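# Analysis of the macromolecular model
Here are the chains, one letter per residue:
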Amino acid sequence: MKTLTDAWNWLADSAHWSGDDGIWLRLQQHLLLTVVCLVVSCLIALPIALVLGHLGKGGALAVNISNVGRAVPTFAVLVLLLLTPLGQYGEGPTVVALVLFAVPPLLTNAYVGMRGVDRDVVRAARGMGMTGSQMLWKVEVPLALPMIMNGVRIAAVQLVATATIAALAGGGGLGRIITAGFNLASTPQVVAGAVLVAGFALLVEGLFEIVERLAPAWARGRVG
């Protein structure tokens, strides 16, 4: 109980929120890293999933290959990347490791969502004379959107939690608070850093829930 109290006191100290090592700066770095990795992951995974889901070919193989990445620890990938020439490019290894970590849930959920679209609806759209691209964007994607967004939500929350490894490669983010706490043998600071990461992840989860509730009907998979 004393550790939690000390952690709260550490967080309540205004001196820890400002400056080059302050919480606000680390939070901004963490947010930027998460957004960059999420955007890159979406640009890689979603086009593949949408096309394969639309064609109904090769998707299972792609999903299985991407899921192999889940069995490989992100930290191990980061260490290996640091030993390559990529290790000379600042946050490069961290971004690559986190992108590889975020691709599987994005690819899997988007593909499953596309294949879960009612085939009768697809056949009806084809019977109306829609082209392949029209069926993809006007029928299949809207109906698969809830699953697609679920994958984005999972990837975003996982990235927030895992982006702490950036500190191990000399990067920024909330992980620096935790590693600094270990270096100083300050348990309250370590706990405070962990609380900040957990709170940030819960905030991201909550934002996705709010967006989902406020989204129009077409964004919830209802085609009108």
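Residues numbered from 1 in each chain as written. Predicted model: local features only at pLDDT ≥ 70, side-chain atom pairs only at ≥ 80, totals over all residues. Heavy atoms only, no water.

## Examining the overall build of the protein
To be explicit about the condition: Under the scheme used here, helices are H or I runs from DSSP no shorter than 4 residues and strands are E runs no shorter than 2 residues, and both carry numbers assigned from the N terminus. Throughout, a residue-residue contact means that at least one pair of heavy atoms, one from each residue, lies within 4.5 Å. Surface exposure here means Shrake-Rupley accessible area, sampled with a 1.4 Å probe, where a residue is shielded only by the protein chains that are shown. Counted as positive: Lys and Arg. Counted as negative: Asp and Glu. His and the chain ends are not counted at all. For charged residues, the charge sits on one atom: NZ in Lys, CZ in Arg, CG in Asp, CD in Glu.
Counting its regular elements, the protein contains nine helices and zero strands. By its C-alpha atoms, the protein is 70 × 40 × 30 Å across when sized along the principal axes. Nonlocal contacts in the protein, meaning residues at least 24 apart in sequence, comprise 73% of its contacts between residues at least 6 apart. Surface summary for the protein: the accessible area is close to 12100 Å², and the carbon and sulfur share equals 69%. One way to put it: in the protein the 14 positive side-chain charges average out to a point 13 Å from where the 11 negative ones average out.

## What about the layout of surface pockets?
Note the following rule: Grid spacing is 1 Å over the protein atoms alone, the probe is 1.4 Å, and a cavity is where that probe fits but cannot get out, while a pocket is an open set with protein on both sides within 12 Å along at least five of seven lines and lining residues have an atom within 4 Å of a point. Grid points are joined across faces, edges and corners, and a volume is the space filled by probe spheres set on the points. Think of it as three bins: nonpolar holds Ala, Val, Leu, Ile, Met, Phe, Trp, Tyr, Cys and Pro, charged holds Asp, Glu, Lys and Arg, and polar takes everything else, Gly as well.
Computed from the structure, the second largest pocket encloses a volume of approximately 200 Å³. Looking at the second largest pocket, the residues that line it are Trp10, Ala15, His16, Ser18, Asp21, Gly22, Arg26, Arg176, Ile177, Ala180, Leu184 and Gln189. Counting residues per element, the lining of the second largest pocket draws most heavily on helix H8 (residues 175-183), which supplies three residues. For the lining of the second largest pocket, the per-class residue count stands at five nonpolar, four polar and three charged.

## Focus: the pattern of salt bridges
Selection rule: One speaks of a salt bridge when a side-chain nitrogen belonging to Lys or Arg is within 4 Å of a carboxyl oxygen belonging to Asp or Glu. Type-normalised accessible area, obtained with a 1.4 Å probe on protein chains alone, sets the label of each residue: buried when under 20%, exposed when over 50%, and partly exposed for intermediate values.
All chains considered together, the criterion is met by four salt bridges. Residue Asp6 is joined to Lys2 by a salt bridge in which the shortest nitrogen-to-oxygen separation is 2.9 Å. Here Lys2 and Asp6 lie together in helix H1 (residues 2-12), a separation of four residues that amounts to about one turn. Residue classification places Asp6 among the partly exposed positions, given a relative accessible area of 25%. Residue Lys2 is classed as exposed on the basis of its relative accessible area, which comes to 61%.

## Things to note about the packing of aromatic side chains
Put simply, the rule is: When two rings of Phe, Tyr or Trp (its six-membered ring) have centres within 6.5 Å they constitute a pair, described as stacked for plane angles under 30 degrees, edge-to-face for angles over 60, and tilted for the intermediate range.
Counted according to the given criterion, the structure contains one aromatic pair. Centroid distance Trp17 to Trp24: 5.2 Å. Interplanar angle 55 degrees. Geometry classified as tilted.

## Topic: helix H5 (residues 92-115)
Quick reminder of the rule: Residue count minus one, scaled by 1.5 Å, sets the expected span of a helix. Throughout, the bend at a residue refers to the angle made by two axes, fitted to the seven residues ending there and to the seven starting there.
Taking 1.5 Å per residue as the helical rise, H5 with its 24 residues ought to reach 34 Å, and the 34 Å between its terminal C-alpha atoms agrees with that figure. Residue Ala102 marks the point of greatest curvature in H5, where the axis turns by about 30 degrees; the proline Pro104 follows within four residues. Counting buried positions along H5 gives 19 out of 24 residues, so the element sits mostly inside the fold.

## Section: the confidence of the model for the protein
Definition in use: Per-residue confidence from the predictor is given as pLDDT, running between 0 and 100.
Averaged over the protein, the pLDDT score is 87; the fraction of residues at 70 or greater is 95%. Ranking the helices and strands of the protein by mean pLDDT puts helix H2 (residues 23-55) first, with 94, and helix H3 (residues 59-68) last, with 74.

## Digging into the state of the cysteines
The criterion, for reference: Whenever a pair of cysteine sulfur atoms sits within 2.5 Å, that pair is classed as a disulfide.
A complete count under the given rule lists zero disulfides for this structure. Between Cys37, a cysteine without a disulfide, and Cys42, which holds the nearest cysteine sulfur, the sulfur-to-sulfur distance is 11 Å.

## A word on unusual backbone geometry
Even without being a glycine, Ala185 presents a positive backbone phi close to 55 degrees. As for its placement among the helices and strands, Ala185 is situated in the loop between H8 and helix H9 (187-214).

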